[in-house]
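Below, each chain spelled out in residue letters.
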Amino acid sequence: MLTFQQVGRLLAVFLLVLAEAAAMKAIVIGGSGAVGRFVVKELFESANFSSVTVLARRSYGYPGVDATSPKLREVVIDFERLADYSGEFEGQDVFVSALGTTRKQSPSAEAYYRVDNGYPMLAAELAKKAGVRQMAVVTTLGADAKSWFEYGRRKGQLEEHLKSLKFDRLS
């Protein structure tokens, strides 16, 4: 069983392998979460990325990341108005979605769906429209849009939607 830190590092290493050249730009949602904070740290430390933009609900001190560095840009947003921030995706090379929650932390089933699927789907559409060519997403083992289990079905639906957007690279 991998820890959240290990998953975050693996995702970041995969992105580094895909990096076509130094000075790539990444935009991240879910950067303060269990996996996302490690992705942000790894991208920040990589010489292959010249900037890391994090769209967040609130300001967050990323462990091991110099918050005063011009390489890191945190944009506090209202995810209910995510489309208003479409300009943040312009000029980015890679979009990472590590956004997610638990049913226990959600006030309703609808809110749970919005955070786990709705926001990542809309953000991916905005990224694709802005010309972002690569996307990485955190889902789950066994994700299947036809699963009998709600979580696996939900994440499978997310993966199917992201595939339909036809990023050059999707992982």
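What you are looking at is a predicted structure, and each value in this text was computed from that prediction instead of being measured.

Q: Looking at this structure, how should I read the sheet that holds strand E6 (residues 169-170)?
A: Hydrogen bonds along the backbone pair up the strands of a sheet, which may run parallel or antiparallel. The strand order across the open sheet built from 6 strands is E3-E2-E1-E4-E5-E6, with neighbouring strands paired in parallel fashion. A single partner strand is all that each edge strand has here, and the edge strands are strand E3 (72-76) and E6. As defined by bridge partners, strand E5 (residues 134-137) adjoins E6 across 2 bridges and the pair is classed as parallel. Pairing of Met 135 across the sheet is with Leu 170, part of E6. The strands touched by helix H2 (residues 36-45) within the sheet are strand E1 (24-29), strand E2 (49-56), E3 and strand E4 (94-97), with E2 carrying the most contacts at an inclination of about 155 degrees.

Q: Any chance you could explain the pattern of salt bridges here in plain terms?
A: A side chain of one charge can pair with a side chain of the opposite charge if their charged atoms are brought near each other. Counted under the stated rule, the structure contains 6 salt bridges. Among the ionic pairs, Lys 41 bridges to Glu 45, the shortest N-O distance being 2.8 Å. Of this pair, Lys 41 and Glu 45 are both found in helix H2, 4 residues apart, which corresponds to roughly one turn of the helix. Residue Glu 45 is classed as partly exposed on the basis of its relative accessible area of 45%. Measuring nitrogen to oxygen at the nearest pair gives 2.7 Å for the salt bridge that ties Asp 168 to Arg 133. One end of the pair, Asp 168, is in the loop between helix H4 (150-164) and E6; the other, Arg 133, is in the loop between helix H3 (109-129) and E5, and 35 residues separate them in sequence.

Scoring rules and cut-offs
Sequence order sets the numbering: in each chain, residues are counted from 1 along the sequence as written. Reporting of local features is limited, given that this is a predicted model, to residues whose pLDDT is at least 70; pairs of side-chain atoms are given and counted only at 80 or more, and all residues count toward the totals for whole chains, interfaces and linings. The side-chain values count all of the structure's non-hydrogen atoms but skip hydrogen atoms and water molecules. When DSSP finds two or more bridges between two strands, those strands count as paired. The secondary structure listing takes helices from DSSP runs of H or I that are at least 4 residues long and strands from runs of E that are at least 2 residues long, numbered from the N terminus. The contact criterion used throughout is that any non-hydrogen atoms of two residues lie within 4.5 Å. Lines fitted to the C-alpha atoms define the axes, with helices restricted to the stretch that makes contact. Angles between their N-to-C directions range from 0 to 180 degrees. The salt bridge definition used is simple: a Lys or Arg side-chain nitrogen within 4 Å of an Asp or Glu carboxyl oxygen. Burial status follows relative accessibility: with a 1.4 Å probe on protein chains alone, a residue under 20% of its type maximum counts as buried, one over 50% as exposed, and anything between as partly exposed.

Shape descriptors only; they carry no functional weight alone.
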